[in-house]
Amino acid sequence: MKLFISGISIFIFATVLWHTPLKAESNTISKERAQAIYDLCANCHGDNGQGKVELEAPAIAGLPAWYVSSQLYKFKNGTRGKHHLDNAGLRMRPMARTLTSDKEIDGVASFVEAMSIVPQENTITGDVAQGESKFLVCTSCHGTRGEGNPALKAPPINSSNDWYILTQLQNFKSGIRGVSTDPEGMTMITMSSNLSDQDMRNIVAYIATLQ
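Quantities reported herein were computed from a predicted structural model and do not represent experimental measurements. (Residues numbered from 1 in each chain as written. Predicted model: local features only at pLDDT ≥ 70, side-chain atom pairs only at ≥ 80, totals over all residues. Heavy atoms only, no water.)

(A) The arrangement of the side chain of aspartate 182 in detail. Within the secondary structure layout, aspartate 182 lies in the loop between helix H8 (162-174) and helix H9 (183-192). In this structure aspartate 182 touches Lys74 and Thr79, once residues within four positions along its chain are discounted. (Helix = DSSP H or I, 4+ residues; strand = E, 2+ residues; numbered from the N terminus. Contact = heavy atoms within 4.5 Å.)

(B) View of the packing of H8 against helix H10 (residues 197-207). Between H8 and H10, the least distance of the axes is 9 Å, while the angle of their chain directions is 145°. Crossing of H8 over H10 shows right-handed handedness. Of the residues in H10, those in contact with Asp162, Ile165, Leu166, Leu169, Gln170 and Lys173 of H8 are Asp197, Met200, Arg201, Val204 and Ile207. Its residues assigned to classes, the contact of H8 with H10 shows 6 nonpolar, 1 polar and 4 charged. (Axes fitted to C-alpha atoms, helices over the stretch in contact; angles between N-to-C directions. Left-handed = near helix turned anticlockwise from the far one by under 90°. Nonpolar A, V, L, I, M, F, W, Y, C, P; charged D, E, K, R; others polar.)

(C) Geometry of the state of the cysteines. Tallying each qualifying case throughout the model produces 0 disulfides. Of all cysteine sulfurs, the one in cysteine 44 lies closest to cysteine 41, which takes part in no disulfide; the gap is 8.8 Å. According to the relative accessible area criterion, cysteine 41 is partly exposed, its value standing at 24%. According to the relative accessible area criterion, cysteine 44 is partly exposed, its value standing at 29%. (Disulfide = S-S within 2.5 Å. Buried < 20%, exposed > 50% of the residue type's maximum accessible area, 1.4 Å probe, protein only.)

(D) Representation of the packing of aromatic side chains in the model. The tally for this structure, following the rule as stated, stands at 4 aromatic pairs. With a centroid separation of 5.8 Å and 80° between ring planes, the pair formed by tryptophan 66 and tyrosine 67 is classed as edge-to-face. The class of tryptophan 66 is partly exposed, set by a relative accessible area of 28%. A centroid spacing of 6.0 Å and a plane angle of 85° characterise the contact between tryptophan 163 and tyrosine 164, whose relative ring orientation is edge-to-face. (Phe/Tyr/Trp six-rings, centres within 6.5 Å; stacked < 30°, edge-to-face > 60°.)

(E) Region of interest: the nonpolar core. By size, the foremost hydrophobic cluster in this structure holds 21 residues, and its most contacted members are Tyr38, Val68, Leu72, Leu99 and Val108. Breaking this core down by element, the ones donating at least two residues are helix H2 (31-45), helix H3 (65-77) and helix H5 (102-113). Residues in contact with valine 68, not counting those within four places in the same chain, are Leu63, Ala109 and Val112. Counting residues in each nonpolar core, the second largest holds 16 residues, with Leu166, Met200, Val204 and Leu210 among its members. (Core = buried A, V, L, I, M, F, W, Y, C linked by side-chain atoms within 4.5 Å.)

(F) Layout of H3. With 13 residues, H3 should reach 18 Å at 1.5 Å per residue; the first-to-last C-alpha distance of 18 Å fits that figure. On its buried face, H3 is in contact with helix H4 (87-97), H5 and H9. Looking one or two residues past H3, glycine 78 carries a phi angle of roughly 90°, positive in sign. (Expected span 1.5 Å × (residues − 1).)

(G) Main features of the pattern of salt bridges. With the rule as written, the count across this model stands at 6 salt bridges. Residues glutamate 104 and arginine 33 are paired through a salt bridge, measuring 2.7 Å at the closest nitrogen-oxygen approach. Here glutamate 104, found in helix H5, pairs with arginine 33, found in helix H2; they are 71 residues apart in sequence, far enough to count as distant. The structure contains a network of salt bridges with shared partners spanning Lys74, Asp182 and Glu184. (Salt bridge = Lys/Arg side-chain N within 4 Å of Asp/Glu carboxyl O.)

(H) Region of the structure containing unusual backbone geometry. Backbone geometry at glutamate 56 places phi at a positive 55°, although glycine is not the residue there. Within the secondary structure layout, glutamate 56 lies in the loop between H2 and H3. On the basis of relative accessibility, which here comes to 35%, the residue glutamate 56 falls in the partly exposed class. Positive phi outside glycine occurs at lysine 153, with the angle close to 55°. Structurally, lysine 153 can be placed in the loop between helix H7 (139-142) and H8.

(I) Layout of the packing of helix H6 (residues 128-135) against H10. Here H6 crosses H10 at 95°, and the two axes come no closer than 7 Å. The pairing of H6 with H10 is recorded here as roughly perpendicular in orientation. Of the residues in H10, those in contact with Val128, Gln130, Gly131, Glu132, Lys134 and Phe135 of H6 are Asp199, Asn202, Ile203, Ala205, Tyr206 and Ile207. Considered class by class, the residues forming the contact of H6 with H10 number 6 nonpolar, 3 polar and 3 charged. (Parallel < 35°, antiparallel > 145°, perpendicular 65-115°, else oblique.)

This is how it looks when you write it as structure tokens:
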């Protein structure tokens, strides 16, 4: 009889356990953890994500989380930041590698997205009218106002530092940025290949008017 009762007890316990939902593991990190991670980023990108030109660190405040995450993954796996002439990229690689999980990458990316965009000072001069004309080809991915297009993995560029956009265009054209495992980078290499340095400056001067 005792054995029979024990068997019933085990059956009931197993049934309850089977139908009791397990507590799902959180897919996010806490805001405090995200802040702690960003505190390291702030050394270069600034407390408010405004960037620091002297460190070649661009403004990142308000960038969409999907784009920040994608770039952190690229830096971490070596798709970006391996070229010996990419000083800023070479600094980002070890920083990205300190993020040990997808949750940390996505968490700090969401933290950056929630930051208020910081207006940027114009530092590059160029012919705005010529730049607007040249920018037409860019609109197919980045939008008519430089607002970006997640479906095409094209980031917004209307809140970026003008010096940073110019540097990246130069990097794409010279092969410093963009490898065969980076489809978006390869697209940018093609797009920048026919641009002169003055064309780039004109485009950047026009983009600055879209802030």
